[in-house]
Structure formats: C-alpha cells, structure tokens
Amino acid sequence: MKLIIAVIRPEQLSDVLEALFRAEVRGLTISRVQGHGGEMEHVENYRGTTVKMALSEKVRLEIAVSEPFVRPAIDAIIEAARTGEVGDGKIMVLPIESIYRIRTGESDRDAVTPVPS
Amino acid sequence: MKLIIAVIRPEQLSDVLEALFRAEVRGLTISRVQGHGGEMEHVENYRGTTVKMALSEKVRLEIAVSEPFVRPAIDAIIEAARTGEVGDGKIMVLPIESIYRIRTGESDRDAVTPVPS
Amino acid sequence: MKLIIAVIRPEQLSDVLEALFRAEVRGLTISRVQGHGGEMEHVENYRGTTVKMALSEKVRLEIAVSEPFVRPAIDAIIEAARTGEVGDGKIMVLPIESIYRIRTGESDRDAVTPVPS
Amino acid sequence: MNHADIAWVLVSTALVLLMTPALGFFYGGMVRSKNALNTLMMSFVSLGVVGVVWALGGYSLAFAGGHALVGDLSFVLLRGVGLEAQGTVPHLLFMAFQGTFAIITAALISGAVVERMRFSAYLAFITIWMLAVYAPVAHWVWGGGFLAADGALDFAGGTVVHVNAAAAAVVAARVVGPRKDYGRHAILPHNVPFTLLGAGLLWFGWFGFNAGSALAANELAVLAFVNTWLAPAAALVMWTLIDLVRGGRVTAIGGATAIVVGLVAITPAAGFVGPLSALAIGALAVGPCYAALILRARTTLDDSLDVAAAHGLGGATGAVLTGVFADAAWSGGTNGLLFGNPSQVMVQMYGVIIVLAYSAICTFVILRLIGLVVPLRAGGRQEGVGLDVTEHGEEAYTGGDGAILVSPDVAARAAAAVRVPLHEGGRL
Amino acid sequence: MNHADIAWVLVSTALVLLMTPALGFFYGGMVRSKNALNTLMMSFVSLGVVGVVWALGGYSLAFAGGHALVGDLSFVLLRGVGLEAQGTVPHLLFMAFQGTFAIITAALISGAVVERMRFSAYLAFITIWMLAVYAPVAHWVWGGGFLAADGALDFAGGTVVHVNAAAAAVVAARVVGPRKDYGRHAILPHNVPFTLLGAGLLWFGWFGFNAGSALAANELAVLAFVNTWLAPAAALVMWTLIDLVRGGRVTAIGGATAIVVGLVAITPAAGFVGPLSALAIGALAVGPCYAALILRARTTLDDSLDVAAAHGLGGATGAVLTGVFADAAWSGGTNGLLFGNPSQVMVQMYGVIIVLAYSAICTFVILRLIGLVVPLRAGGRQEGVGLDVTEHGEEAYTGGDGAILVSPDVAARAAAAVRVPLHEGGRL
Amino acid sequence: MNHADIAWVLVSTALVLLMTPALGFFYGGMVRSKNALNTLMMSFVSLGVVGVVWALGGYSLAFAGGHALVGDLSFVLLRGVGLEAQGTVPHLLFMAFQGTFAIITAALISGAVVERMRFSAYLAFITIWMLAVYAPVAHWVWGGGFLAADGALDFAGGTVVHVNAAAAAVVAARVVGPRKDYGRHAILPHNVPFTLLGAGLLWFGWFGFNAGSALAANELAVLAFVNTWLAPAAALVMWTLIDLVRGGRVTAIGGATAIVVGLVAITPAAGFVGPLSALAIGALAVGPCYAALILRARTTLDDSLDVAAAHGLGGATGAVLTGVFADAAWSGGTNGLLFGNPSQVMVQMYGVIIVLAYSAICTFVILRLIGLVVPLRAGGRQEGVGLDVTEHGEEAYTGGDGAILVSPDVAARAAAAVRVPLHEGGRL
Ligand SMILES: Nc1ncnc2c1ncn2[C@@H]1O[C@H](COP(=O)(O)OP(=O)(O)O)[C@@H](O)[C@H]1O
Ligand SMILES: Nc1ncnc2c1ncn2[C@@H]1O[C@H](COP(=O)(O)OP(=O)(O)O)[C@@H](O)[C@H]1O
Ligand SMILES: Nc1ncnc2c1ncn2[C@@H]1O[C@H](COP(=O)(O)OP(=O)(O)O)[C@@H](O)[C@H]1O
C-alpha cells in the first residue's frame, strides 16, 4: 500500500479526476492548498500597501492505492496535470503501514477495493 | 511513532473528537477536505448548466502518536465515525521518522507527550 | 528524500517562509488547518448557545526535501515559529519513496532541485 | 389626493418590501452554510407566493366589507381596487402597502423551521396560512373587525405581524420537530456579517413599516418614525449593557437581535407614544427577550432562529407596553395606564391572547393537513447533506472543485437519477 | 414646481443609482471568486465613467432638440440645464434621473464579457457606446425622436435599456469570444447569496426606475409602482412552479433570475397596463426566458451571465405584451390588442427590432475599432489566474497567507516588474 | 408645515441612518476576518449609544440656545422637542435627522483603531466624545455658534462630520498605538466585496445626508442631490485614470475609496456650488487623498482604515474648494474665490483649523482619561487571536468544526473560565 500525494493546478483538477477514474482509481481525497515553487510571484496593492504574493493556489490530492495501481495513477496524473509551464506541481509516494475502511473495519487491501455493486 | 491520517464525515467530527479525548489522544490537526469514493454523486443546476458533483465534504484528521496509542486511536475513530453507510471514510497509518515539538525543540516521544500541568 | 510536515501558528507564517527561503528551501505547500493540543480552549456564545472551541487556527506546511536539507529546514522552522508558549506546533519527518515533478516527469532528487534560471 | 402623501407611501411600500430580503439575510447568516440558500429562499419565495396570493384574494379577505371576523370577496382579483382615493392615497397603493406586510409575516415564520422543512411543504403552508390566518387577523385589527372595535391598539402590526407569526412559528417548530443535531451538536451561524446586514436593512425598511402606517407624510408619521429610531437604539444599549455585565463580551448576534427586538416592540406603539416612552419601550423589551433566548436554547423546542423569543415576546411586550405608555397628548387618541387609562393594558393583552390562540391552533391544523399529503420534513440524510443541495440543487458557495459538466442529453438522464436517495448503496 | 413630485423623483433617482451596485452583486455572485472584483468593478466603474460622460455630453445627445435621430449639442457641459421647472420638477433633476438609467444600461452589458475582457478595453467601450448607441436610442424613444413619433410605447425603458443592452451583450460575447473553460469545465457561481442580495436590491431600486418614470408622485406613479410589485411576484411563482415540475428543486439562482425577468418584462408596460395584466405579463415572460437560459448554455455563445436570455428576451417580451395589454382605462393613453388596438403589437415589435439592429451593428463596429488599438481580452494565463489579480492587482477574499509586505522603495520597482507576464520562465 | 418636505426629510433621515451599517461594511471588508465582527460592531453600536446620548442630551448641547460656544440644556431629555414646525418640518424630525449625523461621525473614528482597541474603552470614548466634541462643534456651525457667525460655509458637514472625525481618528490611532503586526506583516482586506457594498450603500445614503440637509424638497435639495451624484462620479473617473497611469491596474478598494472621497469632498459644498463645480471638486479632491493614502502607509501612524487620508483630507479639501467654487447664482447665497470673493477661502480654512485643533486636543484628553480607568487596547495575545473571539466571543464565519456544545449548567462555569487569559499555561 502506498500513499500518493499530488499537488496540481486547480484548473487541471477536472482533467486529473477524469484520468484517474479512467485508470480505475476510485478513491481519493482532495484539499485546497497554496504552494510556493518556481512560479513567478505577483504583486498586489491595497491602498498604500504593496504586497508580494509568494503563494499560488493549488489542489492537493491524496490517494491510497495498492501496489499495482501506483504506476498507473502516477502516469494518469502526470499526463493530465502537465501544462509544461513552471508550477505544474509534484507527486510524492509514501509508504503506508496499514489502512482501514471505517464503514466495515476491513483493513489493508480490502480497504481500498471497491465492493462490487 | 506513527502518523494516523483519517478521513471522516464532517457530521461525525464531534463524536470522533470526544472518542479520541477519551482514549487519551490529545494532539491532532484537522482540515476540511473533499473526498471521492463509493458515495453517490449528486447533480446540481445553475441556470442552464448541469453539473455532477463528484466530491463530498469530509474532514481529515492527522494524529501523530507513539506506538502504544496507535491501536486505541484507530479503534476510537472507527467506533465513533462509523455510520455503516458508504462514505464513512478511511484510516491510514504511516511511519514517522522523527517528530519535534516547536516550543521546546524536544523530539520524538517527548514531543507528543503532554507536559503535566 | 523526506517529507517534512510542520504545523505552526498562522501569525508566524511570514517569518517561517522567510527563514525557509533563507535556508534555500524553495518548494513547499501550505494549507489552513485547525489543531488541538495543549492550548486553552475558548468559549463562544451565540444567542442561547454556548460552545467550547476545542480547535485553534494553524497553518500546515508540507515540504519535500532531499537529505541534506532536512536538518536546515527543521532548524529554520523551529527558530522562526517558536514563541515559547503552548501551541507553537509540531514538525514531523516522514520517509518518501519517490517523488516526481509533473512538468517534466523527472523523478527523485531532480524533482526538487530548482532548474537554474 | 395628496402627492406628498403618495410619495411617502410609495417610498414606505418599497421599504417594507426590502425588509423581506433583509430578513432572509438576517436569518440566512445564522444557519449553517449548507442551508444558507434554503433559508434565504424561504424569505425570497414569500415575495412571490404571498404577493400573488394577496392580490388574488388575501387582500379581499382582510380588507373588504365590515364583518367582525373576516372580509368578504368583493376585492377578489383586485376588482374595485383602483386609483381612486382612500384617505389621501390611491386604493391600489394601500393594497400594495398592506401586501408587503403580509409577505414579511409569512417569511418570519420560516425562522422556526429552517434546515429541515421540505421546501414544497413550506410553499403550501404559507399559501394556506396567508388566507386562513393572516388575512382574518389583519381584518380583526385593521380591516374593521372586532379587535379594532374593542379598542385594541396596534399601530403597525405588533400583534398582527409579530405575535401572529411567532405563535405560528412555535407550533411549526413542534410539528415539524427539531433538527437532528439540535441539542447534540453545536449549530453555529455561518456568516454573522450577513445577519448584521439583515439587521441594518431591516431597521432601514422598518421606517416604512411604522412611519408608513400613518399613510400620510404628516406629524403622525414623524412621531412613528422617530420612535422607530429611538426604541431600537435603546434596546441596543440595554442589550450591550447586559452583555457587558454578564460576561464582558458584547456579541454581534446579540446586537443584531437587540435591534430587531427594539423594532418589534415599538411596532404596535409607534404612533401612540411619545419619544421618551419609545426609549423606555425599547429598553424594557430587552429583558424578557434576552431571558427567553437563553432559556429557549435549554428546551427541546427547536425554534431555530428564535422567532418566539424575538418576535413573539417582543411583540407581546410592545403591545402591552402600548397600553401602558399610550399618550393622547402625542397621538391625539387613546391614553394608556400611565396617563390614566389602566384598562387599556387589559385590552392589549386580550388582543395578544386572541391572536396567539387563533394563530397557534390554525397553524397546527394546517400543518397536519399538509402532512397528510406530503412529508413536512426532509429525510435525515438530506438534513445531513444540507437542504441547499437536496432541496434546491445548488450550493451557496462553490469552488467548482470536482464539478463535472454534464452534457445536455446526459443532463436529462442525470436529472432523473437525482431522485435516487443520496448515499444509497451501489458503486459508481 | 411641486415639492411632492420633487421629493419622489429625488428618491427615485437615488433608487435607480443603487441599482448599479445591486447589479454588481447580482452578477458578481455568479462568477468564480477569482473574478469577483472584476465583475463588481465593471458595474461600479460605470457609476463614474457613464455618469461623467452623461453630464458632459450624453444627456445633450439624448434629450436636446427635436430631431428624429439624435439630440443636438445645446446641453453639452450642462449648459442651460438648471433649476427651472421641466414638468413639475427641476430640469437638473430630470437630467440626473435619466443619467442613472444610462449608467445601469452600460453595466448590464458587462454580464456578457465578464471573466475575460480587459478592463481598459471595457472602459473605452462603455464610453463610446454611451455616446454612439445609448444616447441616440434614448432620443428616439424619450427625447422626441422617431420611435416616439411612431407611437411605440416604452414606459421606463424595456427597449431603450434592456433590449438595447442585450443586443450589445450578444455581439460583445461573440466578438470577445468565449471564456477558455466555457463548455469544457463547470463554471459555478461562487456566492449565490450575493446574487440574491443583488436581486433584492434591484427590485427595491426598480420601484424608482419604473414608478419614478412618471416623474411625479401621482396616480400614474402608483400604477407603475404596483405593477412593478406584482409582475416579479408572478414571475417568481411561475419560475418556482416550472422548477418544481421539472425536477422538484426550486433553485435560488432561478428565483433571483425570475425576479429580474419579471422586472424587465414590466418595465415597458408599467404605466400602461392594469395590475392584473401586470401579473399576466410577469408570468408570461418566464416561459421564453426559462427556455432561452437552458438552450443558450448548449450553444457556443458565452453570454456568460445571460444578458440576452434575461434582459433581451424579457425586454422584448415585455415590449410586445405592452402592445397586447395596454389599457387606456388605466393609463388614459393608448389601448393594446386586448382592448381593441391590434396594430400596437406591430408598432412595439418594430421598435424592438430597430433598436436591436442598431445596437448590435454599432456594438460590433465599436468593439472592432477598439480591438485595433488594444486587445479586447486578457491572455489565457491571465484568465487562468483570474482577472482580479491580473487586471486589478487584488483578490476579493484574502487570508493574507504568504503575503510579504514590500517596503515602499521596493514597491516602486515591483510595480514595474508586474507587467512581466505571470508564470513566464525563470526562477526566483 | 409641508407634507412634501416632511416626506423628503423622513426619507433622508432613514437614508443617513443606513449609512452607519454601510460604513460598517465599508470598514469591515478591509480588516482581517478575525476582526470582522469587531469592526462591524464599532459602527453598529454607535447606532445605539450615540442615538440614545443624542436624544438625552447631545441634541440640546448642539442646538439649544444661541450661545457662541455650546448649546444650553433646554432640550435635555427632549423637553420642548415636539411636533410643532421648525421651518417646514416638525422639530422632532429635525432632531432625529441631526442625530443620524452624530451617529455616523462617531462611527467614522473607529476606522483608526480597529483590530486592537478594547470594545468597552471604545464605548466609553464615543459616549464622551459625542457630548464633549461633536455637540459643541455642531453648535458652532449649525446651531448658531461662532463659526456660522463668521460666515464659514459647511452645507452638510464636511467640517463638522469629516474633519472633526478625522482629527479624532489621528489622535486615537497615536494614543492607542499601532497594531502589533503593522508595518511588519501584510494586513490585507478579508472581503473586498463587502467594502464595495458599503461604498454603494454609502453613496445611496449620502443623498439623504447632503440633499436632506436642505430640509425641504426644493430646488436647493435638487442642487445638493445632483452635486452628490456628480462629484463621486468625477472622483471615481479620476482615481481610475491615476490607477491606470501608475500601474495599469484599477483597484476595487481604490474605486470604493474614490467614491467616498468624492462624497466627502462635496459634502460641505453640495448646496453652494453648481454641477460643473461639483465635477471639478470631485476630481480635484482625488489628488491629495490618493497621495496621502500612499504616504501614510509608509509612516508609523497606523490610521488603519485611513480616516485621515479619506475623510480628513477629503473634508478639508472640500471645505476649501467650497470657498473657491461657491456660486451665488446657484445657491442664492455666498460667492467664492472664482466668483469674486477670495476671502471666503480663508474663512473656510479658518473653520477647518479650529475644528481640527479642538477635536484633536479633546480626543487626546478623553482617551488619556479613559486610559486611566480601563486599558485602551487589547493585549498582544488577544490581538493575535483576533478581537472577534476575545472581545465579542464570536467568530464571523464558523464551520462549526470542533465546537463542543456546552450544557447549560456547564455554560455558567465556562463563562467564568473565559476570563482566564487565552493560551496561558496549564494543560487541559
Ligand atoms: N519541495 C516541495 N515540497 C512540497 N511542495 C512542493 C515542493 N516543490 C514544489 N511544491 C509544490 O508544487 C508547486 C509547483 O512547484 P514548482 O517547483 O513551482 O513547479 P515545477 O515543478 O513546475 O518546477 C508549488 O506551488 C508547491 O505547491
Ligand atoms: N483510496 C483512497 N485514498 C484516499 N482517500 C480515500 C480513498 N478511498 C476513499 N477515500 C476517502 O474516504 C471517503 C469515503 O470513502 P468510500 O470509499 O466512499 O467509503 P467506504 O469506505 O464507506 O466505502 C472518500 O470520500 C474519500 O475522501
Ligand atoms: N499528536 C499530534 N498530532 C498532530 N498534530 C498535533 C499533535 N499534537 C499537537 N499537534 C498540533 O500542534 C498544535 C500545537 O500543539 P500543542 O501540543 O498545543 O503545543 P506544544 O507543542 O506547544 O505543547 C496543535 O494545535 C495541533 O495542530
């Protein structure tokens, strides 16, 4: 089991979700974050105050997958999230020791396998 | 030291917090996230535009605990967050290499042990 | 490669960012979270309803760094985020198995090394 | 016909109309964000439904003919309601001015049932309630009915509007039942500035409500106007002092509530009392309302936005205090207790009790009848998800995350699918 | 000179002025938060630009002299526009009242080009459009021009304001082009309560728009006022019913839209028809507008906030229905189809078509000319980031995270640097 | 007594009252969200406190008797303030109209001390300031005091309201001291749409402020009204042009500020100058205010919401320009510099300086005295957490996360516990 954390541009989210669903990755959690990387900073003015905005809006995805899905998920994200310009984001893969489905208490592989409907 | 990441329903948050406090788990960080899993999608309409909402509101908890608290914390969460319906969420356990308390600079076990008041 | 997760006070964010930039740490992702720890709870009143607020506003930083930067980053954060009062926050270090830069598909160390401009 | 009076009543009608959106924001700020649109719409839709019902028949039941209990049908479909003078303004304008009162009265009730009542049941309820409760009660007091004959004073609707709505609210809260989280989880206001915005606009509009009720730009209007300025000011000061004494913290929700309480309390008295009495009425009304707010939250009565505590008790206190402070030296009319006419207090109480009882009983019957046809409240899951999504198919604040555009033909099928209960079984 | 009429027209002018901020919120709630300020500012800036242009020259082109096509220059720089009576109110007040109409007409157009048009191009556009399109069209109908002579009825601007703006909007949406996400990603309203707030304030202000157009506090004003109350109420009820029938869910955006559609539709008719006809007009206008909203979203025409569907179709329907329902028994003027004068419908259509064609053609030419000088739309990256940051250098809602204070001297350099395209190459 | 004038002054009073909530939103949008309620409440509470103080004694000190320096006590507790005519409207109405001016003047000062001043100290301050500063100054100019006798022109309160409040604001900002983050961290507006909403409603209300000051629905009111329309329009255009020239980006906060600056500047001049002069005054006032805003931010003076730059400089510029542009041909009164009376400019400056000095000195003394009794500012930790939680016990926007319902009996104990300083030692 691995935890894939991806930080992407908000405007690519729809595409990424679609790509992941196509790759049979069905469970994920997202949040709105702000990132700093190589992106150009921008300047804003509020009356006499000038500020440099060091952070850009990003979306963070957190996806727990079993081994066979790691590569397909990463490929799907890179494919769909890439624009080729600085600021496209990063993907990290972390080890998971165990995982539980709250509804059933099942753990590990079973926890991320969709129940057949 | 382990990092427990739990994604739960927002309406269960109060119960989960209470259960954790009862299990002597006193430090945690939460954030509002949106999740996709087996939940039914719903449809919204804005004038002529129809959209399918693929994400549901969830709350994400992040809890660093030392080994003896891992099991009690997981049990507390599963107990309090379960409604038995699809969408109850997941719990992941990740390894932590080290942890620091910013206030004191203490590290590892000491960092998550409350100072006696 | 390590993932540093730090939870700090919002009012220290500017200082922490500055300290990190000075430590040559250039890539990071932040989000607004709420934390519970040793902080005093506070009470709010809304008409007849009295509530105890168990959570305080915090900012969470997520920083992927290669080994040589782990220590400097942690030191920078501890230095800049410390006020010495309860509630300063925690820093966790997690192992990363692999990391990718979405723009280029590069992985691991290359993914977090800024391209020379 | 007097152009100046027309100008003032035109303005007043517009001001009272604005009070219903204002109420929507006052209420809407106090609910959770997942029910913000539902709460706002409960007010806004009254602008449509009650407005139309009023023109088609409500006005006639309230103001046509001289029967003691209810109006006749002679003004149905606005027959005979034209531009000829009634007093110094056209009859048509009088009808519209009164219509805006009907609209906000219905909307007031919604505060007791937000976050759980089905929208369609609410629509049915306000339609029937308007004809069966509001119109007769307005007739009793203003349309030449028996309460007017008995000498009950109600300048701008403390009883007709506020007590009436509050009685309905309490019954509705009971019949519909409490929110499932009520008393178990904290339910906090999602946007207090909206509540303050609503309070500010309500005060602004209330000048039309009270001073417009003089139906002329004369000294009476001035008296009512100034009282409508002073009473909420006094209420706000009193509330602030109580907050300071109790905990040192002056709450914004409290301030907004104080303004409304002061406005409600002065409503029946506005044209009958002098300005110092207005200050007194505003200040005196705070005590019972403040206490009621705190006590209500400890009961099982989920009158969610405290219609009873703010409008009911405020209106009743104001009505009784009208009987205390009424001063013929200012109004040229009736005196109250302080000016040698103690019996007026009894008349006022009598009026309040009659309206309260009638409204409560009818509301109970109407809701039970509607409940036979359509469930009054949304299901538990719907309530969990929030009524904005389940009843209105929208969210108040969207980031657009995870929203997938549905192509037109797909949309049709999707719209059908929507009626499948949320979260119910099956995988995608 | 009549003080009562002055009082009413003063109030009406203030009310119409308020409609433009209200429109800003109606529109601003429907865009994404990254373009909220841009959308609001498109309305607010019209208060400045069009106000000044109107006083300097627009008023003269619209109302000076008696030519058929356009006014002369005799009132330029407000020469000869003083406090002497025109009708029963001072000339200067009439000029201001008309000015507030010009302001909102320009702002209406912005709904078709939000989230992508460059702000400077927009400023140039509304300045020229005001002089070249609005002023002549106002002259045709109200300034003694040929449409008035032909007998076209337009009480408060259904054609001059709404059809005119909508024609410009459609052309502008085409010339500027759709948003890059249009039709690909879901673009959702970021703050529906703001849209409802806008709708509520628009209704409030519209009483000044329609009933103020009587230019006196007389029976005509009352008629227009009550119709302005009833038509949107009927529209709201009708919309609610359609929503219920179609999917069981009554949308808030739909409710806000219904109010505006009802208001737009009654605008040309307000002083010409009776109150029952107002109910009918409000209800009838909903059908075409509702359908148009749904169909438009399936086309490639990114009339982003549906100026054409709500204002264009609403205004045209209202104009035609004025020809149907006009009733001399109420207005003392012209009869329509239902009262024995079928030809009025044709005259009304003729007016609509002329204005539509003129506005569309001129808008096309003006935008193309501006496009020669300055790009009409922001670049793709700017659009991605949002126009609030790129065009206005601000964000609507900031948490302050990651904002680094720039010391004054640094600020100067930074301001220069800002023009470097965002995200373009290079590391920090 | 004239019903038309009554109607207009009734409306104007309501409009001016609305300006204080509007100011709350104008200010409230510009602070951080953790202080949003505190800032809003500083305006709202003035509606209560100053309203009551005005009725009880302030009005008398300002308008009773004919002394040069201050009024007498003959109107205390509204004795002798009844419905008899004063001019063409009832005395009571005049009292209320003036009261709404007092309310907003006090609220204006809050812009200099938001996000740090203790609420209870603020309450004490505005109460005393009202009686000791506002009432006398109003007396000097409008109540028959020495400035009126000297011929200083101040139509609707450029000096009495704006210069007066701004002088107090600067002193208050100094005495209370800067926010702890001021100059170190970026402090950004949390909700710019609220600021625009405030600006829109302020403009709307200001028609009552300026044109209502004619106290009749006559030509003078029309002149003041139209000038109140044109000056902010010109200011908005000028500000937009400066923004475009400086950086190409037209800011929304700037637009909102421009509207207020134009309104402030025309306030003293509204009934004395012609419409073209109003355009000029609006445009000319922008220069100094724009520059002052930029320079102020580089100083250590944390006049947080720039009361001095917008209201002080705007008011002073307007007062002086009144001396330049006053035109007897329009007002029937005094001429200014441009019309052959250069000395008027000096009289205007004299008035500004006297008021400025008096207000500044008294404010200093009052604040120091209050500071002896209760600390003027919240502690550093309170400021970090935000005054909404610490001073008001509420949050503006809550999601309800982590809120644990306290049962009634527990609540009592909890309320006591709250006074323990936040974050102070000890574990749960
Ligand atoms: N070392 C890092 N740790 C965590 N997040 C990072 C890191 N580097 C970049 N990010 C995230 O990725 C986003 C884009 O990164 P950036 O380096 O600008 O782009 P690119 O990968 O195209 O060079 C940043 O805004 C930030 O959110
Ligand atoms: N593989 C996953 N990775 C990360 N988060 C997940 C994953 N699967 C589910 N989640 C989170 O858990 C929530 C509920 O999951 P779901 O699979 O619908 O429920 P259940 O566990 O009851 O079948 C989702 O909304 C999502 O936030
Ligand atoms: N065990 C934990 N797991 C995750 N987050 C924690 C944990 N303990 C504390 N935190 C985070 O750190 C913040 C401060 O922690 P706290 O224990 O109060 O401070 P201190 O480290 O100064 O004793 C909390 O608000 C919470 O967000």
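Criteria and thresholds
- Residues numbered from 1 in each chain as written.
- Chains lettered and ligands numbered in written order.
- Predicted model: local features only at pLDDT ≥ 70, side-chain atom pairs only at ≥ 80, totals over all residues.
- Heavy atoms only, no water.
- Buried < 20%, exposed > 50% of the residue type's maximum accessible area, 1.4 Å probe, protein only.
- Helix = DSSP H or I, 4+ residues; strand = E, 2+ residues; numbered from the N terminus.
- Pairing = 2+ DSSP bridges.
- Axes fitted to C-alpha atoms, helices over the stretch in contact; angles between N-to-C directions.
- Parallel < 35°, antiparallel > 145°, perpendicular 65-115°, else oblique.
- Left-handed = near helix turned anticlockwise from the far one by under 90°.
- Contact = heavy atoms within 4.5 Å.
- Nonpolar A, V, L, I, M, F, W, Y, C, P; charged D, E, K, R; others polar.
- Domains from an automatic or database assignment.
- Least-squares fit on C-alpha atoms with pLDDT ≥ 70 in both.
- Expected span 1.5 Å × (residues − 1).
- Buried area = accessible area lost by both parts, 1.4 Å probe.
- Core = buried A, V, L, I, M, F, W, Y, C linked by side-chain atoms within 4.5 Å.
- Salt bridge = Lys/Arg side-chain N within 4 Å of Asp/Glu carboxyl O.
- Polar contact = N/O pair within 3.5 Å; in protein donor to acceptor, adjacent residues only side chain to side chain.
- pLDDT = per-residue confidence, 0-100.

**So, the pairing of strand β7 (residues 98–101) of chain B**
Burial along β7 of chain B is two-sided: Ser 98 and Tyr 100 of chain B and Ile 99 and Arg 101 of chain B, pointing in opposite directions, are all buried. In the sheet, β7 of chain B pairs with strand β6 (residues 90–95) of chain C via four bridges, with the strands oriented antiparallel. Bridge pairing links Ser 98 of chain B to Val 93 of chain C in β6 of chain C.

**Comments concerning the packing of helix α1 (residues 3–28) of chain F against helix α3 (residues 91–109) of chain F**
All names here are of chain F. It is at 9 Å that the axes of α1 and α3 come closest, and there the two elements cross at 15°. Of the possible angle classes, the one that applies to α1 and α3 is roughly parallel. Between α1 and α3 the crossing geometry is left-handed. Between α1 and α3, the residues in contact are Ile 6, Val 9, Leu 10, Ser 12, Thr 13, Val 16, Leu 17, Met 19, Thr 20, Leu 23 and Tyr 27 and Leu 93, Ala 96, Phe 97, Thr 100, Phe 101, Ile 103, Ile 104, Ala 107 and Leu 108, respectively. The residue inventory of the contact of α1 with α3, partitioned by class, reads 16 nonpolar, four polar and no charged.

**Here's the deal with the domain arrangement of chain D**
Here chain D is described as being made up of domain 1 (3–371) and domain 2 (398–428). On a C-alpha basis, the centres of domain 1 of chain D and domain 2 of chain D stand 41 Å from each other.

**Some words on the relation of the copies chain F and chain D**
Of the transformation superimposing chain F on chain D, the axial component is 0.0 Å and the angular component is 120°, with the fit at an RMSD of 0.0 Å. A rotation of that kind, with that shift, is consistent with a three-fold axis. Of the C-alpha atoms belonging to chain F, the one lying closest to the rotation axis is found on Ala 4 of chain F, 2.6 Å away. With a heterologous cut-off of 20% or less, the 8% of interface residues of chain F that recur at the interface of chain D puts this contact in the heterologous class.

**Some details on α3 of chain F**
Because each turn of an α-helix spans 3.6 residues, side chains separated by three or four positions end up pointing in the same direction. In this model, α3 of chain F (19 residues) spans 28 Å end to end at C-alpha, consistent with the 27 Å of a helix rising 1.5 Å per residue. With 19 of 19 residues buried, α3 of chain F is to be regarded as a mostly interior element.

**Structural notes on the interface of chain F and chain D**
Listed by partner, the interface residues are 61 residues for chain F and 54 residues for chain D. Here chain F packs against chain D, burying approximately 4,600 Å² in sum over the two surfaces, 80% of which is carbon and sulfur. Looking at the side of chain F facing chain D, the largest losses of area belong to His 3, Leu 10 and Leu 83 of chain F, adding up to 12% of the total buried there. Broken down by secondary-structure element, the contributors of at least two residues to the side of chain F that touches chain D are α1, α2 (36–63), α3, α4 (119–142), α7 (192–211), α15 (387–392) and β3 (403–405) of chain F. In terms of residue class, the side of chain F that touches chain D is made up of 45 nonpolar, 12 polar and four charged.

**Considerations on the nonpolar core**
The biggest cluster of nonpolar side chains holds 534 residues, and the ones touching the most others in it are Trp 229 of chain D, Trp 229 of chain E together with Trp 229 of chain F. Excluding residues that lie within four positions of it along the chain, Trp 229 of chain E makes contacts with Leu 17, Gly 51, Trp 54, Met 95, Ala 96, Gly 99, Thr 100 and Ile 103 of chain D together with Trp 203 and Phe 207 of chain E.

**Things to note about the pattern of salt bridges**
Overall, the coordinates contain 60 salt bridges over all chains when judged by the stated rule. Residue Glu 383 of chain E is joined to Arg 377 of chain E by a salt bridge in which the shortest nitrogen-to-oxygen separation is 2.7 Å. The buried category is assigned to Glu 383 of chain E, whose relative accessible area is 4%. One salt-bridge network, in which partners are shared between bridges, spans Arg 32, Glu 115, Arg 116, Arg 179, Asp 181, Arg 184 and Asp 302 of chain D.

**Quick notes on the interface of chain F and chain C**
Residue-level contacts link 24 residues of chain F with 26 residues of chain C. Taking both sides of the interface into account, the surface hidden between chain F and chain C amounts to around 2,300 Å²; carbon and sulfur atoms contribute 57%. At the boundary of chain F with chain C, the tally comes to one salt bridge. Arg 381 of chain F is the salt-bridge partner of Glu 85 of chain C, the closest N and O atoms lying 3.1 Å from each other. One can count five residue pairs in polar contact (both at pLDDT 80 or more) joining chain F with chain C. Listed by contribution, the elements that provide at least two residues to the side of chain F that touches chain C are α14 (380–385), β3 and α16 (408–417) of chain F. Bridge count between strand β4 (residues 49–53) of chain C and β3 of chain F: three bridges; the pairing is antiparallel.

**As for the confidence of the model for chain A**
Summarising the model, chain A shows a mean pLDDT of 90, and 96% of its residues fall at 70 or more. In the model of chain A, helix α3 (residues 109–112) of chain A stands out as the element of lowest mean pLDDT, 75, in contrast to strand β1 (residues 2–8) of chain A, which has the highest, 97.

**Digging into the environment of Asp 150 of chain F**
Residue and element names in this part refer to chain F. Topologically, Asp 150 is positioned in the loop between α5 (146–149) and α6 (158–176). With a relative accessible area of 38%, Asp 150 lands in the partly exposed category. Sequence separation between Asp 150 and Val 347 is 197 residues; the distance between their C-alpha atoms is 7.4 Å. Leave out the neighbours within four places in its chain, and Asp 150 touches Val 347 and Tyr 350. Within polar-contact distance, the side chain of Asp 150 engages the side chain of Tyr 350 at 3.2 Å.

**A look at the sheet that holds strand β4 (residues 49–53) of chain B**
Judged by pairing direction, the sheet is antiparallel, and its three strands sit side by side in the order β3(B)-β4(B)-β3(D) without closing on themselves. Two strands lie at the open edges of the sheet, namely β3 (42–46) of chain B together with β3 (403–405) of chain D, each paired on one side alone. If you compare each strand with its neighbour and ignore which way they point, the axes differ by 35° on average. Two strands pair when backbone bridges link them, and β3 of chain B and β4 of chain B are joined in this way by five bridges, in the antiparallel orientation. When the sheet's bridge partners are listed, Tyr 46 of chain B is paired in β4 of chain B with Thr 49 of chain B.

**So, the sheet that holds strand β4 (residues 49–53) of chain A**
The three strands lie next to each other as β3(A)-β4(A)-β3(E), forming an open sheet whose pairing is antiparallel. Edge strands, defined here as strands with exactly one partner in the open sheet, are β3 (42–46) of chain A together with β3 (403–405) of chain E. When strand polarity is set aside, the average angle formed by the axes of neighbouring strands in this sheet is 35°.

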